[in-house]
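Next come the chains, spelled out residue by residue.
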Amino acid sequence: MSVTNAVAAVMPEPIAKRIKSTKVIGTHSGSFHADEALGVALLRMTDEYRDADLVRTRDQAKLDTLDIVIDVGGTYDAAINRYDHHQKGFTEIFGNGQVPTPAEATPTAADGSKTWFETKLSSAGLVYKHFGRHIIANKTGLGEAEQATHTLWIKLYKEFIEGIDAIDNGISQYDSETAGQPKYSNRTDLSSRVGWMNPRWNEPYNDDILDAKFVQASKMAGDEFENRLDYYANAWLPARDVVLEAVNKRFEVDPSGQILIFNQSAPWKEHLYSLEALHCPNKDASPILYVLYPESSEKPDSKWRIQCVPKAAEGFENRKSLPEAWRGVRDEALSQLSGIDGCIFVHMSGFIGGNHTKQGAIEMAKKALAA
């Protein structure tokens, strides 16, 4: 049955009218999950299905009449807008459609991002794979063919969509073969929160109630996706540009190329590792060791920090820590010990230090490099 009637009971009349359209999206009736809730929300972010009606049914004859069907019907065929993943033999992943060989499993794109994933897609992943770049372009104003759009497309799959695909397909996040490393990121547990929106066992339970709750769940999933896209497009991606500029100018700081200067503070670790792989051909023999940045980007006379690059983004072991003799020493005592004016501190663990000036931070980095 159509969700339109069920929605009208819980939504103001003008909104209920707006979801009517000549286009109709179909998914299954009954209890719902995060993958089809998000899949429907994603379709509503496209030009073609923005105002589409929604039908939830398992009647194949009805499904056959609809413009697009997700998570039901036993068919995956983008040419006829059918996006189910439950059928025998389905192996689609977020890549070229085939499971990669071991040699292909870890290549990166031109921007350093991962391009191969091993997780089987759910309906959310299928919709995102085919419509994601269009959605990102719609929401950000970028062109569908721009490199920034592709970077965001990959990033959102890795950080947001893949976990939903994996959970819906019953793929464990950890196993013994990965030595404690997760197979995919799960930073929202959106699947559980959507699941909780189904009626409880002792509540009234019929198609109209389920359809109305599905509309609410789909909106929640879509809102969360849009919030995440907004962050990656307007905070994460600009930080990448800051890091790339510093990587390209690293030899202006020191002939070794092992010191980076950011003229504004920004999240840098994730970007550094991917950009280093692309732009630093001698990264193994001469890795980037220190990054320098102001404590406040708005104050030109801001104090400066020197921070060590860790061996791994989530780890605490540095590629090269600040000199042991400096650790735990502060202010004038540190300046006298190091021979560098304006020193403020070096942390006891040797991973970070501070100076009152940019030039002082550069001198600390160069002396630490030579130590």
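Everything discussed here concerns the structure shown above.
Here we summarise the structure given alongside this text. (Residues numbered from 1 in each chain as written. Predicted model: local features only at pLDDT ≥ 70, side-chain atom pairs only at ≥ 80, totals over all residues. Heavy atoms only, no water.)

### As for the packing of aromatic side chains
We describe a pair of aromatic rings using the distance from one ring centre to the other and the angle between the two ring planes. Taken as a whole, this structure holds 15 aromatic pairs when the rule is applied. Seen in terms of ring centroids, Tyr232 and Trp236 are 5.8 Å apart; in terms of plane orientation they differ by 80 degrees. Their pairing is edge-to-face. Here Tyr232 pairs with Trp236, and both are found in helix α8 (residues 207-248), just four residues apart, close to one helical turn. A residue is classified by how much of its surface remains accessible, and Trp236, at 8% relative accessible area, is buried. Between Phe262 and Trp268, the ring centres sit 6.5 Å apart and the planes meet at 50 degrees, which makes this aromatic pair tilted. Its relative accessible area of 6% is what places Trp268 among the buried residues. In textbook terms, an aromatic cluster arises when at least three aromatic residues are bridged by ring pairs, as seen for Phe94, Phe117, Tyr128, Trp153, Tyr157, Phe160 and Phe225. (Phe/Tyr/Trp six-rings, centres within 6.5 Å; stacked < 30°, edge-to-face > 60°. Helix = DSSP H or I, 4+ residues; strand = E, 2+ residues; numbered from the N terminus. Buried < 20%, exposed > 50% of the residue type's maximum accessible area, 1.4 Å probe, protein only.)

### Digging into the pattern of salt bridges
Following the criterion strictly, the structure yields 16 salt bridges and no others. Among the ionic pairs, Glu92 bridges to Lys129, the shortest N-O distance being 2.6 Å. One end of the pair, Glu92, is in the loop between β5 (82-83) and α5 (123-140); the other, Lys129, is in helix α5, and 37 residues separate them in sequence. Accessibility classification places Glu92 together with Lys129 in one group, the buried group. Ionic pairing is found between Arg305 and Glu295, a salt bridge with its closest N-O pair at 2.9 Å. With Arg305 in strand β8 (residues 304-308) and Glu295 in the loop between β7 (290-294) and β8, this pair connects stretches of sequence that are ten residues apart. On the basis of relative accessibility, which here comes to 24%, the residue Arg305 falls in the partly exposed class. In this structure, a network of salt bridges that share partners links the residues Lys155, Lys158, Glu159 and Glu270. (Salt bridge = Lys/Arg side-chain N within 4 Å of Asp/Glu carboxyl O.)

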